[in-house]
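Summary of the model geometry
In case you want the letters, here they are:
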Amino acid sequence: APYLYRACILPIFSGGEDMKPETMHGLNFTTEYHKGGLRAEVGTFYNQLNDLVVLNPAIAQAYARGGLSDTYIFNNTGKVHLFGVEGSAQYQRRNLFANLNATWQRVVKHENYIVYKSQTYSTPAMHANLTVAGAPYRGTGNGFFDGGKLWLRGTTQFQTATYYPTIDLLRTMVMGDYATVMNRVAPQCVVGIGAIYEWKYLDINLSLKNLFNNNYHIGSMLSDGVPYAGRSFLAKVTVKF
């Protein structure tokens, strides 16, 4: 983003030639456990994010004084320190596979950055993913229907509530009144199902994503949110050489 904003000649996306890259320094500690078909990991992390791009609130005062000639819309003065815990577990057998991962994180320090309830905007405090797949049919022989293997799978994605502000650009730039509205995206649990039939050099993959057609979106500073895809169906045929 800094490279875009400092090169852009449009006033609403100006950032100045002195913008720097965004950076992150991280410290991680992880422990693992393995036994049979089970593999589990639990870890903690502490991340320091520096020079983050932020919208400059001074544009309102600058415009009220008669122009934006000496004030850029964006600068990268944001800083965030956050702490988190993440874990994953995987269990695998010949005809069974399960994978679970989850992350929890909390902002512990911030400067010149957009944070609400110890969360950065549009980032859930916790999110988790679960995938379970099983093979109820494993045929023998050479025929298509009696020589293949059928896998059935289910997926679940969960996240806690997220928050983000919407900026009234017209009011901010024309009237010189920097205005935002706080928005909340409710917790989400998105489910998907699918099936794969494997036979020699041919795979047939059917997927139904967002089974219950959840209506949710990710926050955006300049709009009312970018929607995620609703219920969708995907059919795929793969030929392996």
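Everything here concerns the structure above.
Residues numbered from 1 in each chain as written. Predicted model: local features only at pLDDT ≥ 70, side-chain atom pairs only at ≥ 80, totals over all residues. Heavy atoms only, no water.

Scanning the model with the defined rule gives 3 salt bridges in all. Here arginine 39 makes a salt bridge to glutamate 41, at a shortest N to O gap of 3.2 Å. Taking relative accessible area as the criterion, arginine 39 reaches 42% and is therefore assigned partly exposed. The class of glutamate 41 is partly exposed, set by a relative accessible area of 22%. (Salt bridge = Lys/Arg side-chain N within 4 Å of Asp/Glu carboxyl O. Buried < 20%, exposed > 50% of the residue type's maximum accessible area, 1.4 Å probe, protein only.)

Before going further, it helps to spend a moment on the pairing of strand β12 (residues 202-209). Relative to β12, strand β11 (residues 188-199) is paired through 7 bridges, and the arrangement is antiparallel. Directly across from tryptophan 199, in β12, lies its bridge partner leucine 202. Here β11 hands over to β12 after 2 residues, with lysine 200 in that stretch at a positive phi of 50°. The pairing of β12 with strand β15 (residues 232-239) spans 8 bridges and is antiparallel. Bridging from a neighbouring strand, asparagine 205 pairs with lysine 236 of β15. (Pairing = 2+ DSSP bridges. Helix = DSSP H or I, 4+ residues; strand = E, 2+ residues; numbered from the N terminus.)

Moving on, we come to the packing of aromatic side chains. Across all of its chains, the model carries 3 aromatic pairs by this definition. Taken together, a centroid distance of 4.6 Å and an interplanar angle of 20° make the contact between tyrosine 216 and tyrosine 228 stacked. Of the two residues, tyrosine 216 is situated in the loop between β12 and β13 (217-220) and tyrosine 228 in the loop between β14 (223-227) and β15; the sequence distance between them amounts to 12 residues. (Phe/Tyr/Trp six-rings, centres within 6.5 Å; stacked < 30°, edge-to-face > 60°.)

Residues Tyr33, Leu38, Tyr91, Leu96, Leu100, Leu130 and Val132 make up a contiguous nonpolar surface patch of roughly 550 Å² in combined accessible area. Contributing elements (two or more residues each) for the nonpolar patch: β4 (96-111) and β7 (126-138). Within the secondary structure layout, tyrosine 91 lies in strand β3 (residues 74-93). A residue is classified by how much of its surface remains accessible, and tyrosine 91, at 32% relative accessible area, is partly exposed. (Patch = residues over 30% accessible without salt bridge, like charges linked within 9 Å, V, L, I, M, F, W, Y side chains within 5 Å. Areas by Shrake-Rupley, 256 points an atom, 1.4 Å probe, with all protein chains shown as cover.)

All quantities given are derived from atomic positions and should not be read as evidence of function.
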